[in-house]
Amino acid sequence: MHVPDGIVPFWLQIMLMVVSSLMMVTAYRKIKKRFDERLVPYMGVLAAVIFAAQLVNFPVPPFSSGHLVGATLLAVMLEPWPAMMIMALVLFVQSLYGDGGILTYGLNLFNMGIFSVFFGYGVALLLFKTTKRFMTKEKSTLFSAAIASFIATVTAAFVLGLELFTVPGFSTQALLAITGVHVIIGFGEAILTTIILLYFIKASPQLVSFLRDTDEVRHETEDETDEVSTNQRQLIKETIPIVVASIIITATVVLFGLASRNPDGFEWALFVFAGIAEPENGFEGIFASLGQGQFLNIFLGSIGILIALALGIMVFRKATRDHSHKHTDKFLLPFGEGKGSGSIFSSTGMLLSAVALAVIITLQNQLSVVLTIIGVVLVGGWFSGTRWRRVIALAAKFEVLILFWIFFEPFVFGSTVVLTIFTPWGPLNVYSEGIYLGLLLGSRMFAILLTFLATLSQMHLSEFIGALRTLRIPATILGSLLIMFRYVPLFMEERSRMHDAQLLRGYSNGRRFERIRSMGYLVGTSIDRSFDRSSTVYEAMSLRGFGKGTLVSGRGFKRFDLLLPLILLTFVAILPSLVSFLMEVLTL
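Right, let's talk about the overall build of the protein for a bit. If you tally the helices and strands in the protein, you get 20 helices and 4 strands. Here the protein, with 588 residues, has 44% of them falling under the buried criterion. Expressed as a percentage of contacts within the protein between residues at least 6 apart in sequence, the contacts between residues at least 24 apart total 81%. Working note: accessible area of the protein is about 30700 Å², and carbon and sulfur atoms make up 66% of it.

If you want it as structure tokens, here you go:
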């Protein structure tokens with residue numbers, strides 16, 4: 001049911017995009033009010049599992065195929081709002097892979113991530129309350145989820161058929177065809193839902209909402225949530241085997257050709273049965289230019305699973321951040337803590353090498369090379385003990401700038417039109433060269449950010465300032481940096497504490513005018529306190545001799561620093577050949 005671009009009219013795409021966006025904002029707010037932060041790793045795992053399941057089409061003899069949607073499965077496990085959020089993430093990654101359009105993302109999300117979730121959850125809940133009287137909760141959950149997933153699949157296909165009446169040439173017979181083929185697909189959905197749900201019932205029953213007492217969930221306190229494992233590392237250990245199993249199963253299905261190559265139910269009903277022309281030059285995914293091949297498909301599928309996992313963890317961690325009541329860390333950047341880093345390379349050598357690598361990244365014009373550099377930086381940082389959670393969290397703060405180039409360039413650069421959007425102000429073209437350029441620019445920025453932040457995480461603040469002093473940076477600038485690195489986090493921490501105090505006093509429950517007035521008081525008080533604190537800090541530093549002598553001594557080079565440029569030059573020299581070799585292997 002992934003509808004590509006260029007089929008339904010533009011007004012329907014915009015309308016359902018607005019509806020889906022409003023629903024996702026509501027879902028985010030609902031999750032933010034009550035969600036257990038310790039379950040965040042599982043949210044990423046469920047996103048990865050659903051994405052992996054949607055990669056593989058099972059046959060619908062003799063003319064079509066289908067795959068798991070997973071909306072009812074997620075709703076039964078997590079309740080509707082978190083399920084909607086995971087479906088939104090999965091469908092977003094699917095659209096990047098060309099399975100479903102970019103402009104029709106709102107339509108696909110409405111059908112598979114909103115309507116299917118709520119309808120499937122409602123049917124499953126009704127069946128569960130009816131059947132749990134004469135069978136165990138576990139059996140009642142499996143039975144209810146299976147039946148509800150079947151009904152939700154068929155009903156969602158019928159709703160999609162109603163939407164397709166806006167397409168010239170779509171008839172009542174085509175509506176019956178798309179609904180009928182999804183009756184068969186619904187049986188596969190029910191079977192896969194039962195199998196996956198059975199695993200989680202046995203392995204992690206605390207995840208299944210039907211197996212928890214709803215009254216206890218509504219009145220949940222921090223003491224009562226101790227039944228859920230509090231060991232974050234243990235949660236991660238439990239999630240890794242599931243993700244690895246998803247990748248292995250997907251790879252096995254692809255290698256042995258078990259996935260059906262027939263068009264799915266939507267494509268068969270629209271393009272084959274109804275005879276409607278398939279749109280030309282549609283968006284085929286960000287990796288379409290890499291070609292085809294079994295190993296390449298496995299590799300790209302594995303990357304997609306990991307992207308879904310990372311997005312799930314990142315989004316749900318951000319949604320639950322206010323509940324942790326943890327404030328800003330000691331420094332603004334991810335510097336190490338303690339007496340010294342003990343690295344064989346000097347901080348000056350590492351900083352210069354990071355600058356050199358950033359220049360090399362800027363000069364690259366091949367997306368595959370930049371992505372390879374990102375992979376090498378991640379792997380190298382993992383071996384050297386880089387705190388990637390902190391580094392990536394800081395890099396994510398630049399996501400707006402990175403995403404701007406990714407989504408802006410396709411509309412302004414290039415000559416090969418892959419998609420035309422008809423707006424009330426005229427046609428708007430999307431160019432393949434612009435898509436590639438946007439991804440290249442975004443990847444460059446992300447690679448440079450990772451390089452610098454990972455380098456800083458390998459040194460301490462004093463080592464960083466010493467390296468800058470060795471490079472003859474003026475002492476006044478270094479003093480300003482020291483104040484900024486230490487003072488800005490303190491200001492953020494104070495602002496966070498004041499905001500928490502307001503929330504505890506009903507700040508978020510007042511009327512709009514009261515919230516605006518309260519926010520103005522918060523900002524004004526913070527600014528006033530910042531002026532007082534800056535004066536106190538300046539006076540204290542003046543008494544300690546700030547500006548009257550050498551602030552910090554420079555840190556010289558080490559003999560091992562000569563290895564860094566050699567390693568860098570060797571890496572740059574072999575990188576194009578390495579990328580070409582990998583692409584040849586993956587396209588076999």
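Having seen the model, we can carry on.
Before going further, it helps to spend a moment on the environment of H460. By secondary structure assignment, the location of H460 is in the loop between α16 (432–456) and α17 (461–470). Each C-alpha atom, one on H460 and one on S347, is 8.8 Å from the other, the two residues being 113 residues apart in sequence.

With that settled, the discussion passes to helix α1 (residues 10–33). For the α-helix, the turn length of 3.6 residues means that residues three or four positions removed from each other point alike. Taking 1.5 Å as the rise per residue, α1 with 24 residues should run 34 Å; its terminal C-alpha atoms sit 35 Å apart, in good agreement. Looking at the buried side of α1, the elements it contacts are α4 (80–96), α5 (105–131), α6 (137–163) and α11 (294–319).

This part covers a positive patch on the surface. A cluster of basic residues, K129, K132, R133 and K137, forms a positive patch on the protein surface. When you line up the elements, R133 lands in the loop between α5 and α6.

The next point concerns the packing of aromatic side chains. This structure, assessed with the given rule, holds 12 aromatic pairs. For the pair Y121 and F210, a centre-to-centre distance of 5.9 Å together with 50° between the ring planes defines the contact as tilted. Pair noted here: Y121 is in helix α5 and F210 is in the loop between α7 (172–203) and α8 (214–218), with a separation of 89 residues, a long-range link. Assigned by exposure class, Y121 and F210 land together as buried. With a centroid separation of 4.9 Å and 45° between ring planes, the pair formed by F150 and F187 is classed as tilted. Placement of F150 in helix α6 and of F187 in helix α7 is noted, with a sequence separation of 37 residues between them. By way of ring pairs, the aromatic residues Y121, F128 and F210 are connected into one cluster.

On to helix α2 (residues 40–55), then. Across its 16 residues, α2 extends 23 Å between first and last C-alpha, which sits within 8% of the 22 Å expected from 1.5 Å per residue. Along α2, 15 of the 16 residues are buried, which leaves the element largely enclosed by surrounding structure.

On to the nonpolar core, then. Residues M43, I86, L164 and L197 are the most contacted members of the largest nonpolar core, which totals 95 residues. Examining the composition of this core, we find that 12 residues originate from one element, α2, more than from any other. Contact partners of L197, with chain neighbours within four places excluded, come to L73, V76, M77, T141, L142, A145 and V208. Counting 22 residues, the second largest nonpolar core, distinct from the first, contains V369, I373, A447 and F571.

With that settled, consider the packing of α2 against α4. Across the interface, α2 lies against α4 with an axial gap of 9 Å and an inter-helix angle of 45°. Put simply, α2 runs oblique to α4. The element α2 and its partner α4 pack so that their crossing is right-handed. Taking contact as the criterion, the partners of M43, L46, A47, I50, F51, Q54 and L55 in α2 are, on α4, I86, M87, V90, L91, V93 and Q94. A breakdown of the residues in the contact of α2 with α4 according to their chemical character gives 11 nonpolar, 2 polar and no charged.

As a further point, take the environment of L91. You can see L91 is positioned in helix α4. For the pair formed by L91 and A47, sequence separation is 44 residues and the distance between their alpha carbons is 9.8 Å.

Here we take up unusual backbone geometry. Residue E79 is not a glycine yet carries a positive backbone phi of 80°. Note on placement: E79 falls in the loop between α3 (71–78) and α4.

Attention shifts here to the packing of α4 against α5. When two helices pack together, you describe them by how their axes are tilted relative to each other and by the distance separating the axes. For the pair α4 and α5, the least separation of the axes is 9 Å and the interaxial angle reads 150°. Comparing the axis directions of α4 and α5 gives the class roughly antiparallel. Read as a crossing pair, α4 and α5 show a hand that is right-handed. Within the contact between the two elements, α4 uses P80, W81, A83, M84, M87, A88, L91 and F92 and α5 uses Y105, N108, L109, M112, G113, I114, V117, F118 and Y121. Residue composition of the contact of α4 with α5, by class: 15 nonpolar, 2 polar and no charged.

Mapped onto the fold, T141 is located in helix α6. In contact with T141, other than residues within four places in its own chain, are V76, F128, L197, I201, V208, F210 and L211.

Next up on the list: the environment of P80. Along the polypeptide, P80 turns up in helix α4. Residue P80 is classed as buried on the basis of its relative accessible area, which comes to 9%. Residues P80 and S116 lie 36 residues apart in sequence; the distance between their C-alpha atoms is 9.8 Å. Setting aside chain neighbours within four positions, we find P80 in contact with A75, V117, F118 and Y121.

Okay, the confidence of the model for the protein next. Within the protein, residue pLDDT values average 78, and 78% of them lie at 70 or more. Of the regions scoring below 50 in pLDDT, residues 214–230 engages in 15 contacts with residues more than four places distant in sequence or in other chains. Every residue in residues 322–331 is under pLDDT 50, and counting partners more than four places away or in other chains gives 25 contacts.

This brings us to a nonpolar patch on the surface. A grouping of F404, F408, F411, V412, F413 and L428 is seen on the molecular surface, where their side chains present a nonpolar patch of about 530 Å² in accessible area. For F404, the position within the fold is in helix α15 (residues 399–408).

Conventions we followed
- Residues numbered from 1 in each chain as written.
- Predicted model: local features only at pLDDT ≥ 70, side-chain atom pairs only at ≥ 80, totals over all residues.
- Heavy atoms only, no water.
- Helix = DSSP H or I, 4+ residues; strand = E, 2+ residues; numbered from the N terminus.
- Buried < 20%, exposed > 50% of the residue type's maximum accessible area, 1.4 Å probe, protein only.
- Contact = heavy atoms within 4.5 Å.
- Areas by Shrake-Rupley, 256 points an atom, 1.4 Å probe, with all protein chains shown as cover.
- Expected span 1.5 Å × (residues − 1).
- Patch = residues over 30% accessible without salt bridge, like charges linked within 9 Å, V, L, I, M, F, W, Y side chains within 5 Å.
- Salt bridge = Lys/Arg side-chain N within 4 Å of Asp/Glu carboxyl O.
- Lys, Arg positive; Asp, Glu negative; His and termini not counted.
- Charge placed at Lys NZ, Arg CZ, Asp CG, Glu CD.
- Phe/Tyr/Trp six-rings, centres within 6.5 Å; stacked < 30°, edge-to-face > 60°.
- Core = buried A, V, L, I, M, F, W, Y, C linked by side-chain atoms within 4.5 Å.
- Axes fitted to C-alpha atoms, helices over the stretch in contact; angles between N-to-C directions.
- Parallel < 35°, antiparallel > 145°, perpendicular 65-115°, else oblique.
- Left-handed = near helix turned anticlockwise from the far one by under 90°.
- Nonpolar A, V, L, I, M, F, W, Y, C, P; charged D, E, K, R; others polar.
- pLDDT = per-residue confidence, 0-100.

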